[in-house]
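# Residue-level structural notes
Read off the chains here:
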Amino acid sequence: MKRITFIGTGYVGLVSGAGISDFGHHVICTDIDKPKIEALQKGQLPIYEPGLKALVARNVKAGRLSFSADVEASIRKAEVVFIAVGTPQGDGGAADISAVKAVAKTIGENLDGYKVVCTKSTVPIGTGRLVCDIIEKYKPEGVDFDYVSNPEFLREGAAVMDFTRPDRIVIGADSERAFEVMRDVYRPLYINETPMLHTGISTAEMIKYACNAFLALKISYINEIANLCESVGADVHMVAKAMGIDGRISPKFLHPGPGFGGSCFPKDTRALVKMGDREGIPIRTVKAAIETNNEQKHRMVLKLKTLLDGELKGKQIAILGLSFKPLTDDVRESPANEMIAVLTKEGARVRAYDPAANATMSKIFPQVEYYDSWEEAASGTDAAVIMTEWNEFRSMDLQTLKERMKTPVILDTRNVLSMEELREAGFRFDNVGRKKGTYN
Ligand SMILES: NC(=O)c1ccc[n+]([C@@H]2O[C@H](COP(=O)([O-])OP(=O)(O)OC[C@H]3O[C@@H](n4cnc5c(N)ncnc54)[C@H](O)[C@@H]3O)[C@@H](O)[C@H]2O)c1
């Protein structure tokens, strides 16, 4: 059993902290956001993530997981300190690592004995060296530490499962002692033969960016193929299926849609491009993927405009789905953001519904009207737009939807509805990468 502290109790810190406590370790999750910690101490979760509530409750009850706003004391109590603070996009596309640097200083100032300091946040290559230098500068003389880079690969919406059953664990460590400590932290997974890759620190940092950018590339690629399918009258779903059967390609991340969003792909692709430019090694493929993605989001707005004969002003539009993917309340850079921004700018009235993300989106767009069901959001609207592939939209009763709407017009950016059923119900519709809807 190890004593472990997580600094940063967001999507990654909370899920990883709770997950590691479930492995049998004693974990404190700490954060500078006091209201967040107070809510967690009362048993309230700050995020929506399937399975997380039960995981947290079980480990709090067992006395293995606790929450504290006292970052300094929490560091002093730990043998292993994880850094899981945010690294949002900074100036010019590079990652903003100011929170990581601030935390490194606090760790140095509170280093009261040997500890392993481990970064889980996604950080630009070379950040590990920087964190070590900061800790060295502020730590008391004679006290030792080792540094590890342990990037996190969990997906929001499936975070608990991804953390407890990962495809692999990457441990970038120059010290054998630190690697052994990390193997102990992940002992249950190590025993289960989860591949554990021991790499250098820069390699571990690079692996995270290489993975995220590759997945983003796949999405932009299939979106461009989808757009071409529309033009030549092919069906992107059959194309993607046939591609995915090929073992060299894999079917994952070949779903056409309104473009990638979320808290990782957009900022990580930009940060990778920035790193490449800085090193004089332009990452052209990723640059192109970003450009395609921006255009794809815009293309969805144009599709809606076309469905409405070019006029958005004065129209009432239902936006169904706000989060960047189902099963999360995270709306950071979700494609719904661009859609809502353009609609409101062009004078349309937006009525929105998301099963989990109404509250998070209302902080960005307070002027939008939020409803508790798609039926309410769609009432009296000129068009509905499905922006997130929540399961409940797949099984929407089209007759009910049609009766609720002023005019039966739908843009299905996730291709969750059957074109045949839409045609039968008399909808004017469009989607991504399939034959255009028949106009009634
Ligand atoms: N969200 C994901 O799906 C995901 C997956 C893999 C990796 N990552 C990476 O993990 C990191 C964290 O992402 P997230 O989504 O959990 O972010 P988040 O914004 O949900 O959480 C970050 C937390 O850090 C806290 N924080 C900021 N500065 C602090 C400080 N100085 N001291 C203590 N706490 C501080 C914030 O209050 C916040 O609660 C990022 O680098 C991200 O790229 C995220």
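Since the model is a prediction, treat every value here as computed from it, not as a measurement. (Residues numbered from 1 in each chain as written. Predicted model: local features only at pLDDT ≥ 70, side-chain atom pairs only at ≥ 80, totals over all residues.)

### Quick look at the environment of tryptophan 390
Note on placement: tryptophan 390 falls in the loop between β12 (383-386) and α17 (391-394). When the 23 C-beta atoms within 10 Å are taken as the criterion, tryptophan 390 is described as buried. Expressed as a C-alpha distance, the spacing of tryptophan 390 and alanine 226, which sit 164 residues apart in the sequence, is 21 Å. Setting aside residues no more than four positions away along its own chain, tryptophan 390 makes contact with Gly321, Pro326 and Pro355. (Helix = DSSP H or I, 4+ residues; strand = E, 2+ residues; numbered from the N terminus. Buried ≥ 20, exposed ≤ 12 C-beta atoms within 10 Å, placed from the backbone. Contact = placed C-beta atoms within 7 Å.)

### Concerning the pairing of strand β5 (residues 115-119)
Among the five residues of β5, five are classified as buried, and the element is accordingly described as predominantly covered. Residue alternation in β5 divides its side chains into two sets, Lys115, Val117 and Thr119 and Val116 and Cys118, and both sets are buried. Here strand β4 (residues 80-83) pairs with β5 via four bridges, running parallel. The residue of β5 that forms the bridge with isoleucine 83 is threonine 119. Handedness of the crossover joining β4 and β5 through helix α5 (residues 98-109): right-handed. For β5 and strand β6 (residues 145-149), the ladder comprises five bridges, and the chain directions are parallel. (Pairing = 2+ DSSP bridges. Right-handed = clockwise from strand over helix to strand, strands pointing away.)

### Notes on the sheet that holds strand β11 (residues 369-370)
The pairing of strands in a sheet happens through backbone hydrogen bonds and is either parallel or antiparallel. Pairing in this open sheet of six strands is parallel, and the strands run β11-β10-β9-β12-β13-β14 from one edge to the other. For this open sheet the edge positions go to β11 and β14 (428-430), each flanked by a neighbour on one side alone. By the bridge criterion, four bridges tie strand β9 (residues 316-320) to β12 in an arrangement that is parallel. Counterpart to isoleucine 317 in the pairing with β12 is alanine 383. Each of β12, β13 (409-412) and β14 is contacted by helix α13 (residues 284-307), which is oriented at about 160° to β13, the strand it contacts most. Packed on one face of the sheet, helix α14 (residues 335-345) meets β9, β10 (349-353) and β12 and runs near 170° to β9. (Axes fitted to C-alpha atoms, helices over the stretch in contact; angles between N-to-C directions.)

### Remarks on the site of the ligand
Around the ligand, a shell composed of 26 residues is seen, among which Gly8, Gly10, Val12, Ser121 and Thr122 lie nearest. Breaking the shell around the ligand down by element, the ones donating at least two residues are α1 (11-22) and α5. (Near = placed C-beta within 6 Å.)

### A closer look at the packing of helix α10 (residues 201-232) against helix α11 (residues 236-245)
Where α10 meets α11, the axes come as close as 9 Å, and the angle between the chain directions of the two elements is 140°. As summarised for this structure, α10 and α11 are arranged oblique, according to the angle between their axes. The chirality of how α10 crosses α11 is right-handed. Facing α10, whose interface residues are Ile222, Ile225, Ala226 and Cys229, α11 presents Val236, Val239 and Ala240. (Parallel < 35°, antiparallel > 145°, perpendicular 65-115°, else oblique. Left-handed = near helix turned anticlockwise from the far one by under 90°.)

### Details of the sheet that holds strand β7 (residues 169-173)
What the eight strands build is an open sheet, ordered β3-β2-β1-β4-β5-β6-β7-β8; its pairing is mixed. The sheet is open, and its two edges are formed by β3 (65-68) and β8 (196-199), each paired on a single side. In this sheet, adjacent strand axes meet at a mean angle of 25° when their direction is disregarded. Relative to strand β2 (residues 26-30), α1 is tilted by about 165°, and along the sheet it contacts β1 (3-7), β2, β3 and β4. Across the sheet, α5 lies against β1, β4 and β5, angled at about 160° from β4, the strand it touches most.

### Topic: the domain arrangement of the chain
Domain boundaries assigned for the chain yield domain 1 (3-199) and domain 2 (200-440). With centres defined by C-alpha atoms, the gap from domain 1 to domain 2 works out at 32 Å. Looking at the side of domain 1 that touches domain 2, the elements that each hand over two or more residues are α6 (127-138), β6 and β7. The leading source of residues in the side of domain 1 that touches domain 2 is β7, at three residues. (Domains from an automatic or database assignment.)

### Overview of the nonpolar core
Residues Ile7, Val15, Val80, Val81, Phe82, Cys118 and Met182 are the most contacted members of the largest nonpolar core, which totals 81 residues. With ten residues, the single largest contributor to this core is α10. In terms of domain composition, this core takes at least three residues from each of domain 1 (3-199) and domain 2 (200-440). Setting aside anything within four residues of it in sequence, one finds cysteine 118 in contact with Val80, Val81, Phe82, Ile83, Val148, Asn150 and Met182. Counting 45 residues, the second-largest nonpolar core is a separate cluster that includes Ile317, Met361, Val416 and Phe429. (Core = buried A, V, L, I, M, F, W, Y, C linked by C-beta atoms within 7 Å.)

### Observations concerning the packing of α1 against helix α3 (residues 52-61)
Put simply, α1 and α3 touch, their axes get as near as 9 Å, and they point 50° apart. Between α1 and α3, the angle is such that the two are oblique. In the crossing of α1 with α3, the sense of the turn from one axis to the other is left-handed. On α3, the residues touching Val15, Ala18, Gly19, Ser21 and Asp22 of α1 are Leu52, Leu55, Val56 and Asn59. Counted by class, the contact of α1 with α3 contains five nonpolar, three polar and one charged residues. (Nonpolar A, V, L, I, M, F, W, Y, C, P; charged D, E, K, R; others polar.)

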